[in-house]
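# Results of the structural survey
Here are the chains, one letter per residue:
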2 protein chains.
Amino acid sequence: MKTITVNRNVLSKNDEIAETIRADLTEKGIRMINFLGTPGSGKTTVLENVLADPAIDKSRIAVIEGDLFTDLDAQRMAEIGVRTVQLNTEGACHLEADMVQQGLAELDLEGVDTIVVDNIGNLVCTAAFQIGAHMRVCVASTTEGNDKPLKYPNMFRTADVVLLNKIDLLPYISFDVDKFIADVLSLNPNAEVYLCSAYKGEGLEPVVQIFAGV
Amino acid sequence: MKTITVNRNVLSKNDEIAETIRADLTEKGIRMINFLGTPGSGKTTVLENVLADPAIDKSRIAVIEGDLFTDLDAQRMAEIGVRTVQLNTEGACHLEADMVQQGLAELDLEGVDTIVVDNIGNLVCTAAFQIGAHMRVCVASTTEGNDKPLKYPNMFRTADVVLLNKIDLLPYISFDVDKFIADVLSLNPNAEVYLCSAYKGEGLEPVVQIFAGV
């Protein structure tokens, strides 16, 4: 019982900070995109491919990487020449608004109009915590199985865009694409659902267009 | 700051309940195994295959299924004729000891010597919460990428057994098996690491032997 009460307070305080972040970024003409998904769904690989697309002006993009302890993903972003800051949660399973606020303070936002937050791999708590983003992109993957929307509904209910990644592996696994899409849309009729293979660099045009501000 | 203090209290209270559960089960000659892993790593498919093995006496096994809202996995267990109880956390990202205690109260444990807890898909908080189990099995999968042990070290540091699942997909993806095993052992030199494909029903003999009490 105590836990529930405490979480409500934490969430309420968190949402206030998130609202401040969002208002501040909006005023500066900057969009923030929250990248969410299970560990290994391919969030960072999608980002690598999209940011390397010739249609993207990398000087306009900044990335906030969320991880528990390592800076492995920030290294991947730095290698492709994008401004990056690494947030380490020291064990917490999701980013909170005040962590993102600290990350934003470390970033040089001169000329930036799009910030991507590569959240911690988690289908539960990352969906519960607002971080001040204007858009949520959930990267799911075929190898997770098509039961995930119904098992983790909050994630799919709150996503603006659902990317179904690893479609190159469909011939080798049991996965019902139609059921996956139908389940996502039953939870969230306004979700945009796209199929892609970040590993093969295929199907990422819709994300490139989002990042390019089209 | 408040959150950290509260979590400590919650964890300490949780660990007390877990200790009670473990002592009680030990006295009754029952082992409890905590099955952990990311969403879609194949925990339930591993269980389905292992429980269907002729070497397993299903009347000696009981399963506690953990999920946020659905009973999809409990249905899969019921279909193979194993005593099952479903725990729904209503949104919480991990099982806690008091939830497992409630599940145990609902199970008929007559003749049972092994209880499996099929935990919520999560690489972070599930590892932080003791539930009174005697053994932890982490089901990882090749499609998650070989960087997961270093990115989610608490999970791999506390696992007694690490199953690397979906090895049938190795020809189609980029995954360094040697690095994965080396990273697991660097975090946890005593971990037993096995390779398997639950989808193909291959490599599950070590888990069958654990369940058969060999």
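This one's a predicted model, so the numbers in the text were calculated from it and none came from an experiment.

Right, let's talk about the packing of aromatic side chains for a bit. Inspection of the entire model under this criterion finds 7 aromatic pairs over all chains. Note on Tyr172(A) and Tyr172(B): the rings are 3.5 Å apart at their centroids and 5° apart in plane angle, and the pair reads as stacked. You can see Tyr172(A) sitting in the loop between strand 6 (161–165) and helix 8 (177–187) and its partner Tyr172(B) sitting in the loop between strand 6 (161–165) and helix 8 (177–187), one on each of two chains. Ring plane angle 45° and centroid distance 5.7 Å describe the contact between Phe175(A) and Phe180(A), whose orientation is recorded as tilted. Each member of the pair, Phe175(A) as well as Phe180(A), is classed as buried. An aromatic cluster is built from Phe156(A), Phe175(A) and Phe180(A), whose rings are joined through pairwise contacts.

Our focus in this paragraph is the state of the cysteines. Taken as a whole and judged by the stated rule, the model has 0 disulfides over all chains. Unpaired in this structure, Cys138(A) has its nearest cysteine sulfur neighbour in Cys196(A), at a distance of 11 Å.

Time to look at the pattern of salt bridges. When the charged atoms of two side chains with opposite charge come close together, those side chains can pair. All names here are of chain A. Tallied over the full model, the rule gives 20 salt bridges over all chains. Glu-48 is the salt-bridge partner of Arg-76, the closest N and O atoms lying 2.9 Å from each other. Residue Arg-76 is located in helix 3 (residues 72–79), and its partner Glu-48 is located in helix 2 (residues 43–51); the two are separated by 28 residues in the primary sequence. According to the relative accessible area criterion, Arg-76 is partly exposed, its value standing at 24%. The residue Asp-108 makes a salt bridge to Arg-83 at a minimum N-O spacing of 3.6 Å. Residue Asp-108 is located in the loop between helix 4 (97–106) and strand 4 (114–118), and its partner Arg-83 is located in strand 3 (residues 83–88); the two are separated by 25 residues in the primary sequence. What makes Asp-108 partly exposed here is its relative accessible area of 48%. Arg-83 gets classed as partly exposed once you look at its relative accessible area, which sits at 25%.

Residues and elements named next belong to chain B. The buried count for strand 6 comes to 5 of 5 residues, which makes it a mostly enclosed element. Because side chains alternate across strand 6, one face comprises the buried residues Val-161, Leu-163 and Asn-165, and the other comprises Val-162 and Leu-164, equally buried. Of the pairings in the sheet, the one linking strand 6 to strand 7 (residues 192–195) comprises 4 bridges and is parallel in character. Bridged to Val-162 within strand 7 is Val-193. Running through helix 8, the crossover from strand 6 to the neighbouring parallel element strand 7 is right-handed.

Residues and elements named next belong to chain A. Here Asn-14 lies in helix 1 (residues 2–27). What makes Asn-14 buried here is its relative accessible area of 3%. If we skip the residues at most four places from it in the chain, Asn-14 touches Glu-96, Ala-97, Asp-98, Phe-129 and Gln-130.

A separate point is the sheet that holds strand 2 (residues 61–67) of chain A. All names here are of chain A. The 7 strands are arranged 3-2-4-1-5-6-7 in an open sheet whose pairing can be described as parallel. One side of each edge strand has no neighbouring strand; the edge strands of this open sheet are strand 3 and strand 7 (192–195). Looking at each pair of strands side by side, their axes are set apart by 20° on average, direction ignored. Sheet analysis places strand 1 (residues 31–36) next to strand 5 (residues 135–141), joined by 4 bridges and oriented parallel.

Quick look at the interface of chain B and chain A now. Often, the extent of an interface is quoted as the loss of accessible area upon association of its parts. On the chain A side, the residues contacting the 38 residues of chain B number 38 residues. The largest per-residue losses of area from chain B upon contact with chain A belong to Pro39(B), Lys151(B) and Tyr172(B), which jointly make up 20% of the total buried on that side. For Lys151(B), the salt bridge identified is with Asp73(A), shortest N-O distance 2.5 Å. Seen at the junction of chain B and chain A, the total is 8 residue pairs in polar contact (both at pLDDT 80 or more). Class assignment for the residues of the side of chain B that touches chain A results in 19 nonpolar, 10 polar and 9 charged.

With that out of the way, let us pick up helix 3 (residues 72–79) of chain B. What helix 3 of chain B keeps buried is the set Asp73(B), Ala74(B) and Met77(B). The buried residues of helix 3 of chain B all sit within an arc of 100° when viewed along its axis, so they share a single face. Residues of helix 3 of chain B that are exposed and point more than 90 degrees away from the buried face comprise Ala78(B) and Glu79(B). Where helix 3 of chain B is buried, its residues touch helix 6 (148–151) of chain A together with helix 2 (43–51), strand 2 (61–67), strand 3 (83–88) and strand 4 (114–118) of chain B.

This part is about the packing of helix 2 of chain B against helix 3 of chain B. Helix-helix packing: each pair is described by the crossing angle between the helix axes and the interaxial distance. All names here are of chain B. The N-to-C vectors of helix 2 and helix 3 enclose an angle of 10°; their axes lie 10 Å apart at closest approach. It follows from the interaxial angle that helix 2 and helix 3 lie roughly parallel. Judged by residue contacts, Thr-44, Thr-45, Leu-47, Glu-48 and Leu-51 of helix 2 engage Asp-73, Arg-76 and Met-77 from helix 3. Here the residues of the contact of helix 2 with helix 3 sort into 3 nonpolar, 2 polar and 3 charged.

This paragraph deals with the relation of the copies chain B and chain A. Relative to chain A, chain B is turned by 180° and slid 0.0 Å along the rotation axis, the superposed coordinates differing by an RMSD of 0.0 Å. Between the two chains, the operation in question is that of a two-fold axis. When the interface residues of chain B are mapped onto chain A, 100% of them again lie at the interface, so the same face is used by both copies.

A word on the sheet that holds strand 7 of chain B. By definition, the strands of a sheet pair up through backbone hydrogen bonds, in either a parallel or an antiparallel sense. Residue and element names in this part refer to chain B. Overall, parallel pairing links the 7 strands, which are arranged 3-2-4-1-5-6-7 in an open sheet. Here the strands that pair on one side only, and so sit at the sheet edges, are strand 3 and strand 7. The sheet shows a mean angle of 20° between the axes of neighbouring strands, taken without regard to direction. With respect to the sheet, helix 3 is in contact with strand 2, strand 3 and strand 4, its orientation differing from that of strand 2 by roughly 160°. Against the sheet, helix 4 (residues 97–106) engages strand 1 (31–36), strand 2, strand 3 and strand 4, with an angle of about 145° to strand 3.

Cut-offs and rules
Residues numbered from 1 in each chain as written. Chains lettered and ligands numbered in written order. Predicted model: local features only at pLDDT ≥ 70, side-chain atom pairs only at ≥ 80, totals over all residues. Heavy atoms only, no water. Phe/Tyr/Trp six-rings, centres within 6.5 Å; stacked < 30°, edge-to-face > 60°. Helix = DSSP H or I, 4+ residues; strand = E, 2+ residues; numbered from the N terminus. Buried < 20%, exposed > 50% of the residue type's maximum accessible area, 1.4 Å probe, protein only. Disulfide = S-S within 2.5 Å. Salt bridge = Lys/Arg side-chain N within 4 Å of Asp/Glu carboxyl O. Pairing = 2+ DSSP bridges. Right-handed = clockwise from strand over helix to strand, strands pointing away. Contact = heavy atoms within 4.5 Å. Axes fitted to C-alpha atoms, helices over the stretch in contact; angles between N-to-C directions. Buried area = accessible area lost by both parts, 1.4 Å probe. Polar contact = N/O pair within 3.5 Å; in protein donor to acceptor, adjacent residues only side chain to side chain. Nonpolar A, V, L, I, M, F, W, Y, C, P; charged D, E, K, R; others polar. Arc of directions from axis to C-beta. Parallel < 35°, antiparallel > 145°, perpendicular 65-115°, else oblique. Least-squares fit on C-alpha atoms with pLDDT ≥ 70 in both.

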